[in-house]
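Summary of structural features
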Amino acid sequence: MKPILEIKKLFKNFGGLEALKDINFKINVGDIVGLIGPNGAGKTTLFNCVAGIEKPTEGEIIFKNNGRTSSISGKKPEIVTALGIARTFQNIRLFDNLTVSDNVKIGRHCRTRSNFFGAVLQSKFQREEEKAITESSNHFLEFVGLKGRGKEIASSMPYGDQRRLEIARALATEPDLLMLDEPAAGMNPMESRNLMDLMRRIRDKGTTILLIEHDMKVVMGVCERVMVVNHGEWLAEGEPKMVQNDPKVIEAYLGTGAANATQAG
Amino acid sequence: MVKLKLKNMDKGAKLRIGLLILALILPLMPFVSNYILHIVILIYLYMILSLGLNIVPGFNGLLDLGYVGFYGIGAYTSGLLTYHFGLSYWIIIPLAFINGAIWGILLGAPTLRLTGDYFAIVTFGFSELVVLFLSNEIWLTRGPLGLPGIDVVSIDLSLFGGPKWEFIGEIPYYYLAIIMVLITLFVMNRIQDSRLGRAWFAIRDDEVAAVSCGINLLTYKVIAFAISAAFGAVGGSFFARWVTFLSPDMFKFWESFLILCMIVLGGMGNIWGVMIGAFVLVSLSEVLREILPLLGLPVQGRFLAFGFIMVIMMRYRPAGLLPIRAVAAQMKAGRVKRKKTKVSVGIKA
């Protein structure tokens, strides 16, 4: 098993608050890995550190793809995206005033090159690139199940569709590692089943997925491995069933009494 | 040959072509005096300026209060090059464009890291600096005395044994201004549908999501600022050769504010909207200049009227006369959000 992402001794402090303490883990190519933990455990901070939006206080983040090994800790988010890590956000962050297809086209930004002069003069290169951008954005929209809805305004779509659009935009950057921050939040059971199916299809195309999720049905249904953090500290790691029954995990979620009760029972 | 298939065109295209034809034949109308032509040229000039400014607040969502600084730089570039070297206007246009862009980069590169209000304050300071420079560096600009007697625009074919035409009266400037508006509009239109334009819209809508799509914020903001400044400078270069007189107090902060009002009134981010904004405010200003004295009010009262209009607009139509598409669609659907917050999207579920 080849690792795609390796995190070594990662620390992140916000002033006096230790949001992440000594986090170490590896993600293998082609896995769907879940990252769970109670609210405020540091899951999103960890995402932000990997995506370059937060700078880790200490530690190393190593990303391996296409035979390249890059240390991405402290790198700028646009560089991390160009290297092949894409993400979605806990509170959906779409380009609200733009159409659905423009949202996905912006995802193509880091894989395309035309500039001001190309745009004004409409060089042959620019026209071909623009055509390719349109084609691939249609492809990604179809992949997430939003075919033919490119002309709608992003903010006017239903919630579940906005989630899928955000995934399409992330996929448009052609990532090797896709990080989804609570993609099933606010979805009904039908929508989350579709989402699980979508995640499997993304993985089958060769993209590794790291998933933050509170919906345990989704986590248990789709993840091969689950990692648990609490108060910024590493708590447990392993197969979903194992983690689910781990007293430490139950304690973190439900308190000491609950952990004792489950053990006694 | 170009065949205009009128039947196949949508309403908007027909309207645009109709307006263009109207603009082209306007000087031939019997009732059109030189005064009216002068005002219409002024409208065209402000259309160029507001299209240029629109890039920064309209496309990128950054408040720019110092646009007039670039307008002034362009005007003095044009004026001084004509005054000292007698350069042809056709060479000055690209030089003014480049000079504007250079100053845009010089100001933008260090300051575009600032966010929101702080950036606006810096641009405001810059435009004041430009005015101070123009008034005090007398060796270069003659200071408050101004720069009189700048040559008019001419088409000089004497190099090829042809004649030399000088632009006398308003009509040649009228057509030159139309051409410049059309070129500006053409450039804006193409940018809007390009990778560059989309990157700007992404920055306007959500900076964090934009960087996550691989957009380098600083680079794209600086590009926006430079292009915006370049169009401001081209507008200034036209102004200098048209009125043939420059003085530093033509580039006071009020001008920046007026252009900003035009794009807010017309619809920030919509290139057709900002042109309507320029049309409305310039013509209103001239109409009020005629009417107010008749009512026994001072001419300065028109600024009061502008303020009143802006207040009414902000209350009833905050997105402008011709808002960008998304907002227009929301208004149609009866779901006008007066102030959109990012959080509301997350809570909606």
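Residues numbered from 1 in each chain as written. Chains lettered and ligands numbered in written order. Predicted model: local features only at pLDDT ≥ 70, side-chain atom pairs only at ≥ 80, totals over all residues.

1. A few points about the overall build of chain B
- Scanning chain B from terminus to terminus reveals 15 helices and two strands.
- By the compact-globule yardstick of 20 Å for 349 residues, chain B fits well, its C-alpha radius of gyration being 21 Å.
- Overall, chain B is about 70 × 55 × 50 Å in size when its C-alpha atoms are taken along their principal axes.
- Classification of the 349 residues of chain B by burial places 42% in the buried group.
- Considering only contacts in chain B between residues 6 or more positions apart, those separated by 24 or more positions represent 75%. (Helix = DSSP H or I, 4+ residues; strand = E, 2+ residues; numbered from the N terminus. Rg over C-alpha atoms; globule rule 2.2 N^0.38 Å. Buried ≥ 20, exposed ≤ 12 C-beta atoms within 10 Å, placed from the backbone. Contact = placed C-beta atoms within 7 Å.)

2. Describing the packing of helix α2 (residues 34–60) of chain B against helix α11 (residues 253–266) of chain B
Residues and elements named next belong to chain B.
- Running from amino to carboxyl end, α2 crosses α11 at an angle of 75 degrees, the nearest separation of the two axes being 9 Å. As judged from the angle between their axes, α2 and α11 are roughly perpendicular. Contacts between α2 and α11 involve Tyr46, Leu49, Ser50, Leu53, Asn54, Pro57 and Gly58 from the first element and Ile259, Leu260, Met262 and Ile263 from the second. (Axes fitted to C-alpha atoms, helices over the stretch in contact; angles between N-to-C directions. Parallel < 35°, antiparallel > 145°, perpendicular 65-115°, else oblique.)

3. Observations regarding unusual backbone geometry
- Despite not being glycine, Lys9 of chain A has its phi angle at roughly 50 degrees, a positive value.
- Checked against the element boundaries, Lys9 of chain A lands in strand β1 (residues 3–14).
- Located in the positive-phi region is Thr244 of chain B, a residue other than glycine, with phi close to 55 degrees.
- Here Thr244 of chain B is to be found in the loop between α10 (217–243) and α11.

4. Describing the domain arrangement of chain A
Residues and elements named next belong to chain A.
- Partitioning chain A into domains gives domain 1 (3–84 + 175–264) and domain 2 (99–174).
- With 11 residues of domain 1 at the interface, the matching set in domain 2 holds 10 residues.
- Every element with two or more residues in the side of domain 1 that touches domain 2 is listed here: α2 (77–83) and α7 (189–204).
- Grouping the amino acids of the side of domain 1 that touches domain 2 by side-chain chemistry returns seven nonpolar, two polar and two charged. (Domains from an automatic or database assignment. Nonpolar A, V, L, I, M, F, W, Y, C, P; charged D, E, K, R; others polar.)

5. Notes on the interface of chain A and chain B
- Each partner contributes to the interface: chain A provides 34 residues, whereas chain B provides 34 residues.
- Taken together, the elements giving at least two residues each to the side of chain A that touches chain B come down to α2, α3 (100–107), α4 (116–121) and α6 (159–171) of chain A.
- A class-by-class count of the residues in the side of chain A that touches chain B yields 14 nonpolar, 13 polar and seven charged.

6. Structural notes on the pairing of strand β7 (residues 177–181) of chain A
Residue and element names in this part refer to chain A.
- Among the five residues in β7, five count as buried, and that is most of the element.
- Taking every second residue as pointing to the same face, both faces of β7 are buried, with Leu177, Met179 and Asp181 on one and Leu178 and Leu180 on the other.
- Note: strand β6 (residues 85–87) against β7, three bridges, orientation parallel. Paired with Ala86 across the bridge in β7 is Leu178. (Pairing = 2+ DSSP bridges.)

7. A look at the pairing of strand β9 (residues 225–230) of chain A
All names here are of chain A.
- Of all six residues making up β9, five are buried, and the element is well covered by its neighbours.
- By the bridge criterion, four bridges tie strand β3 (residues 32–36) to β9 in an arrangement that is parallel. For Gly34, the partnering residue across the bridge sits in β9 and is Val226.
- Summarising the sheet, β9 and strand β10 (residues 233–238) pair through five bridges and their orientation is antiparallel.

8. Description of the environment of Ser101 of chain A
All names here are of chain A.
- Position of Ser101 relative to the elements: it lies in helix α3.
- When the 22 C-beta atoms within 10 Å are taken as the criterion, Ser101 is described as buried.
- Along the backbone, Ser101 and Lys248 are 147 residues apart, and their C-alpha atoms lie at a distance of 45 Å.
- Aside from chain neighbours lying at most four places away, what touches Ser101 is Ser137, Leu141 and Gly150.

9. Here's the deal with the environment of Leu19 of chain B
- Examined against the element boundaries, Leu19 of chain B turns out to sit in helix α1 (residues 11–25).
- Taking the C-alpha atoms as reference points, Leu19 of chain B and Asp64 of chain B, 45 residues apart in sequence, are found 30 Å from one another.

10. Overview of the packing of α3 of chain A against helix α5 (residues 124–144) of chain A
All names here are of chain A.
- In the contact formed by α3 and α5, the axes pass within 9 Å of each other and the chain directions differ by 110 degrees. By the criterion of interaxial angle, the relationship of α3 to α5 is roughly perpendicular. Side by side, α3 and α5 meet where Val100, Ser101, Val104 and Lys105 of the first sit next to Ile133, Ser137, Phe140 and Leu141 of the second.
- A class-by-class count of the residues in the contact of α3 with α5 yields five nonpolar, two polar and one charged.

11. Structural notes on helix α7 (residues 171–192) of chain B
- The end-to-end C-alpha distance of α7 of chain B, which contains 22 residues, comes to 31 Å, matching closely the 32 Å that a straight helix rising 1.5 Å per residue would cover.
- Within α7 of chain B the residues assigned to the buried category are Tyr173, Tyr174, Ala177, Met180, Val181, Thr184, Met188 and Ile191 of chain B. Looking down the long axis of α7 of chain B, one finds its buried residues gathered within 130 degrees of arc, a one-sided arrangement. Of the exposed residues in α7 of chain B, those oriented more than 90 degrees away from the buried face are Ile179 and Phe186 of chain B.
- On its buried face, α7 of chain B is in contact with α4 of chain A together with α2, α8 (195–205), α10 and α12 (271–294) of chain B. (Expected span 1.5 Å × (residues − 1). Arc of directions from axis to C-beta.)

12. Examining α6 of chain A
Residues and elements named next belong to chain A.
- Between its first and last C-alpha, α6 extends 19 Å over 13 residues, near the 18 Å set by a 1.5 Å rise per residue.
- Summarising burial for α6: 11 of the 13 residues are buried, a large majority.
- Listing the buried residues of α6 in full gives Gly160, Gln162, Arg163, Arg164, Leu165, Glu166, Ile167, Ala168, Arg169, Ala170 and Leu171.
- For α6, the elements touching its buried residues are β6, α3, α5, β7 and α7.

13. Comments concerning the nonpolar core
- Ranked by size, the top nonpolar core spans 162 residues in total, and within it Ala168 of chain A together with Ile48 and Ala202 of chain B carry the most contacts.
- For this core, the element with the highest residue contribution is α10 of chain B, accounting for 17 residues.
- When near neighbours in sequence (up to four residues on either side) are disregarded, Ala202 of chain B contacts Phe95 and Ile106 of chain A together with Ala209, Ala210, Cys213 and Ile215 of chain B. (Core = buried A, V, L, I, M, F, W, Y, C linked by C-beta atoms within 7 Å.)

14. A word on the confidence of the model for chain B
All names here are of chain B.
- On average, chain B scores 86 in pLDDT, and the residues at 70 or more come to 91%.
- Here residues 336–349 is a poorly scored stretch, pLDDT under 50, and it has 15 contacts once near neighbours within four places are set aside; other chains count.
- Listed scores for the predicted complex are pTM 0.89 and ipTM 0.90. (pLDDT = per-residue confidence, 0-100.)

15. What about the environment of Ser194 of chain B?
- The topology assignment puts Ser194 of chain B in the loop between α7 and α8.
- Note: C-alpha distance between Ser194 of chain B and Tyr118 of chain B (76 residues apart in sequence) is 29 Å.
- Not counting the four nearest positions on each side in its chain, Ser194 of chain B is found in contact with Ser114 and Ala119 of chain A.

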